[in-house]
Amino acid sequence: AQTVTQSQPEMSVQEAETVTLSCTYDTSESDYYLFWYKQPPSRQMILVIRQEAYKQQNATENRFSVNFQKAAKSFSLKISDSQLGDAAMYFCAYSNFGNEKLTFGTGTRLTIIP
Amino acid sequence: DAGVIQSPRHEVTEMGQEVTLRCKPISGHDYLFWYRQTMMRGLELLIYFNNNVPIDDSGMPEDRFSAKMPNASFSTLKIQPSEPRDSAVYFCASSPNQGSSGANVLTFGAGSRLTVL
């Protein structure tokens, strides 16, 4: 079974600075997807970014980018120019190609310091 | 599209009562998922459907839990009888079919917070 590990329960960053959230996963598959979801206090789960494992290029979405290291099974999220609205729980997730269900990590609570 | 619609947003009930949570997925999405979120266990997949057919219900805790999807636009998660340990936020999510550009991307509803006293 696939597992997703987020080793940082909490992180904090000064507004406008850059922060990196860590995620590692375990799988024997070669084709899969990785995701970062954000859950603000409203509790709505919002997709931040998706990475397809067969793509070597790291995904980016505006201020959000990932560092995908397939051999190391590492998938970190970098948030640049942090804003107060980025404060949330961030969940890393995995799904096999051809299997829609997502397996989530335990989350990292990100605090933005004004 | 209005997104994934869940009801109720909040439910407070007493132990032993029946609870029914409802979900309307995004139109055209072939997959529907029920997740449960607690502080202790995080986000757990309970069950998911493809084209209204249950595919994997291995996450359903016990026989007190049941889920149905009678048509493409509606699903229910029922707990009977409810217990205090069932208190959690229950999320419904949907995703398009494998052939689409949004494959494997789950869109979540706002969740139903259940409190069982």
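Throughout what follows, the structure given in this document is the object of discussion. (Residues numbered from 1 in each chain as written. Chains lettered and ligands numbered in written order. Predicted model: local features only at pLDDT ≥ 70, side-chain atom pairs only at ≥ 80, totals over all residues. Heavy atoms only, no water.)

Moving on to the layout of surface pockets. Within this model, the largest pocket holds a volume of roughly 1100 Å³. Contributing to the lining of the largest pocket are 45 residues, with Phe91 of chain A together with Gln37, Thr38, Gly42 and Leu43 of chain B lying nearest its centre. Secondary-structure elements contributing two or more residues to the lining of the largest pocket are strand S10 (88–96), strand S11 (103–104) and strand S12 (108–113) of chain A together with strand S4 (31–38), strand S5 (42–50), strand S9 (88–95) and strand S11 (112–116) of chain B. For the lining of the largest pocket, the element with the most residues is S5 of chain B, which contributes 6 residues. In the lining of the largest pocket, the residues fall into 21 nonpolar, 16 polar and 8 charged. (1 Å grid on protein atoms, 1.4 Å probe; cavity = no way out; pocket = protein on both sides within 12 Å on 5 of 7 lines; lining within 4 Å. Points joined across faces, edges and corners; volume = space filled by probe spheres on them. Helix = DSSP H or I, 4+ residues; strand = E, 2+ residues; numbered from the N terminus. Nonpolar A, V, L, I, M, F, W, Y, C, P; charged D, E, K, R; others polar.)

Think of it this way: side chains of opposite charge can pair up when their charged atoms draw near. Scanning the entire structure with this criterion turns up 13 salt bridges over all chains. Its salt-bridge partner being Asp26 of chain A, residue Lys73 of chain A comes within 3.8 Å of it at the nearest N-O pair. Placement of the pair is Lys73 of chain A in the loop between strand S8 (64–69) and strand S9 (74–79) and Asp26 of chain A in strand S4 (residues 24–26), with a sequence separation of 47 residues. One salt bridge in this structure joins Glu62 of chain B and Arg64 of chain B, with 2.7 Å as the shortest N-O distance. Owing to a relative accessible area of 27%, Glu62 of chain B belongs among the partly exposed residues under this scheme. (Salt bridge = Lys/Arg side-chain N within 4 Å of Asp/Glu carboxyl O. Buried < 20%, exposed > 50% of the residue type's maximum accessible area, 1.4 Å probe, protein only.)

Locating Thr108 of chain A in the fold gives a position in strand S12. If sequence neighbours within four positions are ignored, Thr108 of chain A has contacts with Gln6, Gln8, Pro9, Glu10, Met11, Leu21, Ala88, Met89 and Tyr90 of chain A. (Contact = heavy atoms within 4.5 Å.)

For the rest of this paragraph, the subject is the nonpolar core. Residue and element names in this part refer to chain A. In this structure, Tyr25, Trp36, Phe75, Leu77 and Tyr90 are the most contacted members of the largest nonpolar core, which totals 25 residues. Breaking this core down by element, the ones donating at least two residues are strand S3 (19–21), strand S5 (32–39), strand S6 (46–52), S8, S9, S10 and S12. Take this core: its biggest share by element is 4 residues, from S10. (Core = buried A, V, L, I, M, F, W, Y, C linked by side-chain atoms within 4.5 Å.)

For the structure shown, the criterion picks out 19 aromatic pairs over all chains. Aromatic pair Tyr37 of chain A and Phe108 of chain B: ring centres 5.5 Å apart, planes at 80 degrees, arrangement edge-to-face. Here Tyr37 of chain A is found in strand S5, whereas its partner Phe108 of chain B is found in strand S10 (residues 107–108) on a different chain. Look at Phe108 of chain B and you get buried, because its relative accessible area is 3%. Through successive ring pairs, a cluster of aromatic residues spans Tyr33, Phe35, Tyr37, Phe91, Phe97 and Phe104 of chain A together with Tyr31, Phe33, Tyr35, Tyr48, Phe91 and Phe108 of chain B. (Phe/Tyr/Trp six-rings, centres within 6.5 Å; stacked < 30°, edge-to-face > 60°.)

Counting residues at the interface gives 28 residues for chain B and 19 residues for chain A. Taken together, the two surfaces of chain B and chain A that pack against each other cover about 1900 Å², and 48% of this comes from carbon and sulfur. By the criterion of area lost to chain A, the three top residues of chain B are Leu43, Asn104 and Phe108 of chain B, representing 32% of everything that side buries. Viewed at the interface, chain A and chain B are joined by 1 salt bridge. Here Asp56 of chain B makes a salt bridge to Lys101 of chain A, at a shortest N to O gap of 2.7 Å. Elements with a contribution of two residues or more to the side of chain B that touches chain A: S4, S5, S9 and S11 of chain B. (Buried area = accessible area lost by both parts, 1.4 Å probe.)

Take the side chain of Glu44 of chain B next. Residues and elements named next belong to chain B. Assignment of secondary structure puts Glu44 in strand S5. Only 2.7 Å separates the side chain of Glu44 from the side chain of Arg41, close enough to count as a polar contact. Ignoring sequence-local partners within four residues, the contact set of Glu44 consists of Trp34, Tyr35 and Arg36. (Polar contact = N/O pair within 3.5 Å; in protein donor to acceptor, adjacent residues only side chain to side chain.)

All names here are of chain A. Across all of its chains, the model carries 2 disulfides over all chains by this definition. Each disulfide pairs two cysteine sulfurs, and for Cys23 the partner residue is Cys92, the sulfurs being separated by 2.0 Å. The chirality of the disulfide connecting Cys23 with Cys92 is left-handed, given an S-S dihedral of about -70 degrees. Here the residue Cys23 occupies a position in the loop between S3 and S4, and Cys92 occupies one in strand S10, the gap between them amounting to 69 residues. (Disulfide = S-S within 2.5 Å.)

Moving on to unusual backbone geometry. The omega angle of the peptide bond from Ser7 of chain B to Pro8 of chain B is -10 degrees, so this bond is cis rather than trans. Topologically, Pro8 of chain B is positioned in the loop between strand S1 (5–7) and strand S2 (10–13). In this structure, the amide linkage connecting Gln80 of chain B to the following residue, Pro81 of chain B, adopts the cis form with an omega of -10 degrees. Inspection of the secondary structure assignment puts Pro81 of chain B in the loop between strand S8 (74–79) and S9. Phi angles above zero are rare outside glycine, and Arg43 of chain A is one such case at about 75 degrees. With respect to the helices and strands, the residue Arg43 of chain A is situated in the loop between S5 and S6. Taking the relative accessible area as the measure of exposure, Arg43 of chain A reaches 9% and is therefore buried. In this structure, Asn51 of chain B is a non-glycine residue whose phi angle is positive, near 50 degrees.

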